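If you want the building blocks of each chain, they are given just below.
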Amino acid sequence: MFGGGPMHRMRNARDEKGHDTGQALRRLAAYFEPYRLPLLGVAVLLIADTLLQLAGPYLIGRAIDQFITAGDRAGLTVTMLLLLAVYLGGWGTRYGEFYGMIVVGNKVIYELRACIFERIQSLSLKFFDEHEAGDLMSRLTNDVDTIGQVLNAGLVQTMGSALLIAGIVVTMIGLNWRLALATFVTLPFMFGSSMILARRARHAFRKTRRTIGSVTADLEENISGVRVAQAFAREGQNIERFNELNRANRDANVNAQGIIAAFSPTLGVLSTIGLAIVIGYGGSLALQDPPLVTMGIIVSFLVYVRRFFQPIRQLAQLYAQLQSALAGAERIFELLDTQPDLTDAPDAVEMPSIVGQVELDHVSFHYKPGEPVLRDVGLVAEPGQTVALVGPTGAGKTTMVNLIGRFYDVTEGAVRIDGRDVRKVTGASLRAQMGIVLQDTFLFSGTILDNIRYGRLDAGDEEVIEAARLANADSFISHLPDGYQMELSEQGRNLSHGQRQLLSIARAILADPRLLILDEATSSVDTRTELLIQRALSQLLRGRTSFVIAHRLSTIRNADQVLVIQEGRIVERAVSTPERSAHQQLLDLGGEYYKLYTSQFRQEEAPSARPGDDGRRAVRLAALPVG
């Protein structure tokens, strides 16, 4: 239906690179290719409309010369009826061309938005680390809307005006070339001034698109962070910063519109000069003996001159929209030209059903060259094992698990799952078998049932409810006003943090992943909620290879492996044995794990904790947070 899909046309449009106006127009034109037949119909209507508009002044001149001066009432009546038919026909053709263009224009806008969204979905986390969400939203909404305004109405007016101007020039030359050439004296001045103003307007409108993107980005950030702003009483500073961005956008728009505003008076003066030339020079031609023009031709010329400058004036008004749309198109194509940092290799294969062995083989990684985040990390997790990662903030724990899911590619070394390098399998087949439970749970708009089902979209209601039971979420859901059909507010803010976390665990249970990542899933909750989450996690971890990042020791004390990460290196590690847990081994070691473990003790209890202690003190310590 759409000629191969949005991304197909996006690739065609991407063949042209750069940021000049002509290139932006050529790239936009690529999106019209599937609609050649409807556009051909619009073009036919435009030509018919132009011919009808040209016929009106000609019939008026003919009525004067042939019927009014001759006193022929019958001929005048027929001519007036014909003129009425011309104007009614013009109404019909204009309606048809505008309606046809609106249909095509909205389809193009649909595809542009689809292309942008598909591109955003394909980009890696690195891209979102470097770009503001509000600016991306501005490109998807404001910039596309600006293009839509031009496509829906402006494009038809632009093409119609251009055809009408060309038709008037040909008709005027055909009626009287002397008078036509005299009238065209104003054209060099018109085109010269238009070119000068066009260059200035193009730069000005690029600035307006950038500034509105900054305004949208700041607005999105402040709406998302309104609770923090109010908590720290920073409303005044936020208002001041927003006003500064808003002023910059206002000034950019005033400057751009000021340039466009110069078009109208310039054209008004040239139009008046053109009328004066027709009257003065045309009158002198009519007074010659024999007369070189008739009064009917002079009247026709007066109407044509007014018609000639009317579409030019319309073009001047549309020029503001056109320049703004082209500036928006440049920003859109800049985004569409952005290539994903992570792509499937040409020979990538589908990831088979995961057994669960995970290996990090001498892995190093940096976000910025020369600033390593991980340094020569090596580990092997056997199927079904739980690997706990502890360490201070910024040590590289989250980066390690992001590499396992191939949200980033390693700088050196390799990540292997069941012996397969994750760079040699398709990302979709890998992540389809992984589950992630984060500290900051993201819930989508919709019902609780829909949010849990997000883990497996083909799951039935009973399967969703069973997953909620296993996650210990069913008890609180059942007491909500609408139960599983309760509509969640933005990001689920009408639920507590612990309730949102239980829903995310239920979502992961429903997905039934072979690999599981828990990133501080029990932090920032009360003790009772933590107990519920721990019970849910025990269900979730069973039989799966899991990587757990936790600040609370109750989450990891039964882990099969415990790794201590500092400055991107594994500085301590232990593997549980039937005799002693990895947790106890590291406590007995008295090293970095022990320091992290005791750093959150009450001061009066710290002196009594010593390396090698077990029994009652170890049990007491095991219930306290770490890291």
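Counting restarts for each chain: residues are numbered from 1 in the order of the written sequence. Totals for whole chains, interfaces and linings use every residue, but because this is a predicted model, local features are given only for residues with pLDDT of at least 70 and side-chain atom pairs only at 80 or more, for both listing and counting. Side-chain calculation: all heavy atoms of the structure are included, whereas hydrogens and water are not.

Visitor: Can you walk me through the packing of helix H16 (residues 461–470) against helix H18 (residues 497–511) in this structure?
Guide: Two measures define how a pair of helices packs: the angle their axes make with one another and the distance between the axes. Orientation of H16 relative to H18, taken along the N-to-C sense of each, is 120 degrees, at an axis distance of 8 Å. In terms of axis orientation, H16 runs oblique to H18. As for how H16 packs across H18, the hand of that crossing is right-handed. Along its contact with H16, which presents Glu463, Val464, Ala467, Ala468 and Leu470, the element H18 presents Ala506, Ile509 and Leu510. Fitting a line to C-alpha atoms yields each axis, with helices limited to the stretch in contact; the angle taken between N-to-C directions then spans 0 to 180 degrees. A run of H or I in DSSP counts as a helix once it spans at least four residues, and a run of E counts as a strand once it spans at least two, with each numbered from the N terminus. Our angle categories are set so that under 35 degrees counts as roughly parallel, over 145 as roughly antiparallel, 65 to 115 as roughly perpendicular, and the remainder as oblique. Left-handed describes a crossing whose near helix is turned anticlockwise from the far helix by less than a right angle; the clockwise case is right-handed. Two residues form a contact once any of their heavy atoms are found within 4.5 Å.

Visitor: What exactly am I supposed to notice about the side chain of Thr426 here?
Guide: You can see Thr426 is positioned in the loop between strand E5 (420–421) and helix H14 (427–431). Residue exposure (1.4 Å probe, protein chains only): buried if accessible area is under 20% of the type maximum, exposed if over 50%, otherwise partly exposed. The buried category is assigned to Thr426, whose relative accessible area is 11%. Here a polar contact is recorded for every N or O atom pair within 3.5 Å, except that within protein the pair must consist of a potential hydrogen donor and a potential acceptor, and residues adjacent in sequence are included only if both atoms are side-chain atoms. At a separation of 2.5 Å, a polar atom in the side chain of Thr426 contacts the side chain of Ser429. Not counting the four nearest positions on each side in its chain, Thr426 is found in contact with Asp344, Ala348, Val349 and Glu350.

Visitor: Would you take a moment to explain the sheet that holds strand E1 (residues 358–368) for this structure?
Guide: Paired through backbone hydrogen bonds, the strands of a sheet run either parallel or antiparallel to each other. Strands are labelled as partners when DSSP assigns at least two bridges between them. A sheet is described by the order of its strands in space; here four strands give the open sequence E2-E1-E4-E5, paired in antiparallel fashion. Two strands close off the open sheet at either side, each with one partner strand: strand E2 (371–381) and E5. In the sheet, E1 pairs with E2 via seven bridges, with the strands oriented antiparallel. By the bridge assignment, Leu360 is partnered in E2 with Leu379. Running over the sheet, helix H13 (residues 397–404) touches E1, E2 and strand E4 (412–417) and is turned about 115 degrees from E1.

Visitor: What exactly am I supposed to notice about the layout of surface pockets here?
Guide: The probe, sized like a water molecule, is rolled over the atoms to show the empty space still left. Taken as a whole, the largest pocket encloses approximately 2,500 Å³ of empty space. Together, 50 residues line the largest pocket, and Leu125, Phe407, Leu438, Phe442 and Phe444 are the ones closest to its centre. Of the residues forming the lining of the largest pocket, the biggest block, five residues, is contributed by strand E6 (residues 434–438). Gly counts as polar in this scheme, as do all residues outside two lists: the nonpolar Ala, Val, Leu, Ile, Met, Phe, Trp, Tyr, Cys and Pro, and the charged Asp, Glu, Lys and Arg. Here the lining of the largest pocket is composed, by residue class, of 27 nonpolar, 15 polar and eight charged. Of the two site types, the cavity is a set of points on a 1 Å grid over the protein atoms alone where a 1.4 Å probe fits but cannot get out, and the pocket is an open set with protein on both sides within 12 Å along at least five of seven lines, each lined by residues with an atom within 4 Å of a point. Grid points are joined across faces, edges and corners, and a volume is the space filled by probe spheres set on the points.

Visitor: Explain the side chain of Thr399 to me, please; I cannot follow it from the model alone.
Guide: Tracing the backbone shows Thr399 in helix H13. Assessed through its relative accessible area of 6%, Thr399 is described here as buried.

Visitor: Would you take a moment to explain the pattern of salt bridges for this structure?
Guide: A side chain of one charge can pair with a side chain of the opposite charge if their charged atoms are brought near each other. Salt bridge, as used here: a side-chain nitrogen of Lys or Arg that lies within 4 Å of a carboxyl oxygen of Asp or Glu. Under the counting rule described, the total for this entry stands at 19 salt bridges. Between Glu592 and Lys595 there is a salt bridge whose closest N-O contact spans 3.6 Å. With a gap of three residues between them, Glu592 and Lys595 both fall in helix H22 (residues 592–598), about one helical turn apart. Owing to a relative accessible area of 48%, Lys595 belongs among the partly exposed residues under this scheme.

Visitor: Can you help me understand the confidence of the model for the protein chain in this one?
Guide: The predicted coordinates ought not to be read in detail in places where the model reports low pLDDT. Mean pLDDT over the protein chain stands at 79; residues scoring 70 or higher make up 86%. Low pLDDT (under 50) marks residues 1–18, which in the prediction has 40 contacts with non-local residues, meaning those over four places away or in another chain. Note on scores: pLDDT gives the predictor's confidence for each residue, bounded by 0 and 100. Every residue in residues 601–627 scores below 50 in pLDDT, and together they form 45 contacts with partners more than four places removed in sequence or on other chains.

Visitor: So what exactly am I meant to see when it comes to the nonpolar core here?
Guide: If you look at soluble globular proteins, the nonpolar side chains tend to sit buried side by side. Buried residues of nine kinds, namely Ala, Val, Leu, Ile, Met, Phe, Trp, Tyr and Cys, make up a nonpolar core once their side-chain atoms join them within 4.5 Å. Judged by nonpolar contacts, the single largest core of 48 residues is most densely connected at Ile448, Ile452, Ile477, Leu503 and Leu540. Among the elements that make up this core, the one with the highest residue count is H18 (seven residues). When neighbours within four sequence positions are excluded, Leu540 is seen to be in contact with Val437, Ile505, Ala508, Ile509, Leu516 and Leu518. By size, the runner-up hydrophobic cluster in this structure holds 33 residues, among which are Leu374, Val377, Val410 and Leu430.

Visitor: Got a minute to help me understand the sheet that holds E6 in this structure?
Guide: Strand order in the open sheet formed by six strands is E6-E9-E10-E3-E11-E12, with mixed pairing between adjacent strands. With one partner strand each, in any of the chains shown, E6 and strand E12 (569–575) form the two edges of the open sheet. Geometrically, the sheet is characterised by an average inter-axis angle of 15 degrees between neighbouring strands, direction not taken into account. Bridging between E6 and strand E9 (residues 515–519) involves five bridges; their strand directions are parallel. By the bridge assignment, Leu438 is partnered in E9 with Asp519. Along the sheet, H13 makes contact with strand E3 (386–390), E6, E9, strand E10 (545–549) and strand E11 (561–566), crossing E10 at roughly 155 degrees.

Visitor: I'm lost on the packing of helix H3 (residues 36–68) against helix H4 (residues 73–122) in this one. Help?
Guide: Taken N-terminus to C-terminus, the directions of H3 and H4 make an angle of 160 degrees; their axes are 8 Å apart at the nearest point. The angle between H3 and H4 falls in the class roughly antiparallel. In this structure, H3 meets H4 at a crossing whose hand is left-handed. Residues belonging to the contact of H3 with H4 are distributed by class as follows: 21 nonpolar, nine polar and three charged.

Visitor: What am I meant to see in H18 here?
Guide: An α-helical turn contains 3.6 residues, so any two residues separated by three or four positions project in the same direction. Helix length check: H18 (15 residues) gives 21 Å between terminal C-alpha atoms against 21 Å at 1.5 Å per residue, within 8%. With 12 of its 15 residues buried, H18 lies for the most part within the structure. All of the buried residues in H18 are Gly498, Arg500, Gln501, Leu502, Leu503, Ser504, Ile505, Ala506, Arg507, Ala508, Ile509 and Leu510. Residue Asp512 follows H18 closely and has a positive phi angle near 50 degrees. How far a helix is expected to stretch is found by multiplying one less than its residue total by 1.5 Å.

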